[in-house]
Amino acid sequence: MCARGYADDPSLDGRVWEAMHVAHALSRSGEFDVVHSHLDWLPLAFADHCRAPLLTTVHGFSGMGILPAYGTTSPPCTTASIWTLSPSTRWAAGG
C-alpha cells in the first residue's frame, strides 16, 4: 500500500495510510478464509464490511477510549490479546 514506511517520512500521515490499508484488505476479504489484523481498533470500525471472519490481535492496549470499537463488533469477529483488555471485551487467550 505505502511505498515507504510512514514512520520514516514525516510527510505521510500514518492514520491515513492505516485506513487505506484496512479498506484495501476488507475489499479483498472475500478471497480469504480469515482476515487477521494487528491494527488495534481501526478494522473493527469496518468489521461489517468484512466478508470473512475477522481476527484482531491486540499487541498493546492503547487505552480505555478504544473499547467502544470492540463493543460494536459481532461474530464472526474475534479478538485475541496478549494483554488483558476489559472484562466486557470478548477475547480469546492464547496458550
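Residues numbered from 1 in each chain as written. Predicted model: local features only at pLDDT ≥ 70, side-chain atom pairs only at ≥ 80, totals over all residues. Heavy atoms only, no water.

**Quick look at the pattern of salt bridges**
At step 1: Evaluation of the coordinates by the stated rule reveals three salt bridges.
At step 2: For D13, the salt bridge identified is with R15, shortest N-O distance 2.8 Å.
At step 3: Classification of R15 as exposed rests on a relative accessible area of 64%. (Salt bridge = Lys/Arg side-chain N within 4 Å of Asp/Glu carboxyl O. Buried < 20%, exposed > 50% of the residue type's maximum accessible area, 1.4 Å probe, protein only.)

**Concerning a nonpolar patch on the surface**
At step 1: Where nonpolar side chains cluster on the molecular surface, the patch consists of M1, V16 and M20 and spans about 270 Å² of accessible area.
At step 2: Its relative accessible area of 35% is what places M20 among the partly exposed residues. (Patch = residues over 30% accessible without salt bridge, like charges linked within 9 Å, V, L, I, M, F, W, Y side chains within 5 Å. Areas by Shrake-Rupley, 256 points an atom, 1.4 Å probe, with all protein chains shown as cover.)

**A few points about the environment of R51**
At step 1: Along the chain, R51 falls in the loop between β1 (35-37) and β2 (54-58).
At step 2: Classification of R51 by relative accessible area gives exposed; the value is 56%.
At step 3: Considering only alpha carbons, one finds R51 and F32, 19 residues apart in sequence, at a separation of 8.6 Å.
At step 4: Other than its neighbours up to four places away in sequence, R51 contacts L26, S27, R28, S29 and G30. (Helix = DSSP H or I, 4+ residues; strand = E, 2+ residues; numbered from the N terminus. Contact = heavy atoms within 4.5 Å.)

**Some thoughts on the nonpolar core**
At step 1: Counting 13 residues, the largest nonpolar core has V22, L26, V35, L44, C50, L54 and Y70 as the members making the most contacts within it.
At step 2: When contributions to this core are tallied by element, the ones reaching two or more residues are α1 (14-27), β2 and α2 (67-71). (Core = buried A, V, L, I, M, F, W, Y, C linked by side-chain atoms within 4.5 Å.)

**Let's talk about the side chain of D9**
At step 1: When you line up the elements, D9 lands in the segment before α1.
At step 2: With a relative accessible area of 13%, D9 lands in the buried category.
At step 3: For D9, the side chain forms a polar contact with the side chain of R4, separated by 2.5 Å.
At step 4: A polar side-chain atom of D9 sits 2.6 Å from a polar atom in the side chain of S11. (Polar contact = N/O pair within 3.5 Å; in protein donor to acceptor, adjacent residues only side chain to side chain.)

**Examining the side chain of S29**
At step 1: Here S29 lies in the loop between α1 and β1.
At step 2: On the basis of relative accessibility, which here comes to 0%, the residue S29 falls in the buried class.
At step 3: Residues within four places of S29 in sequence aside, it is in contact with V35, H49, C50, R51 and A52.

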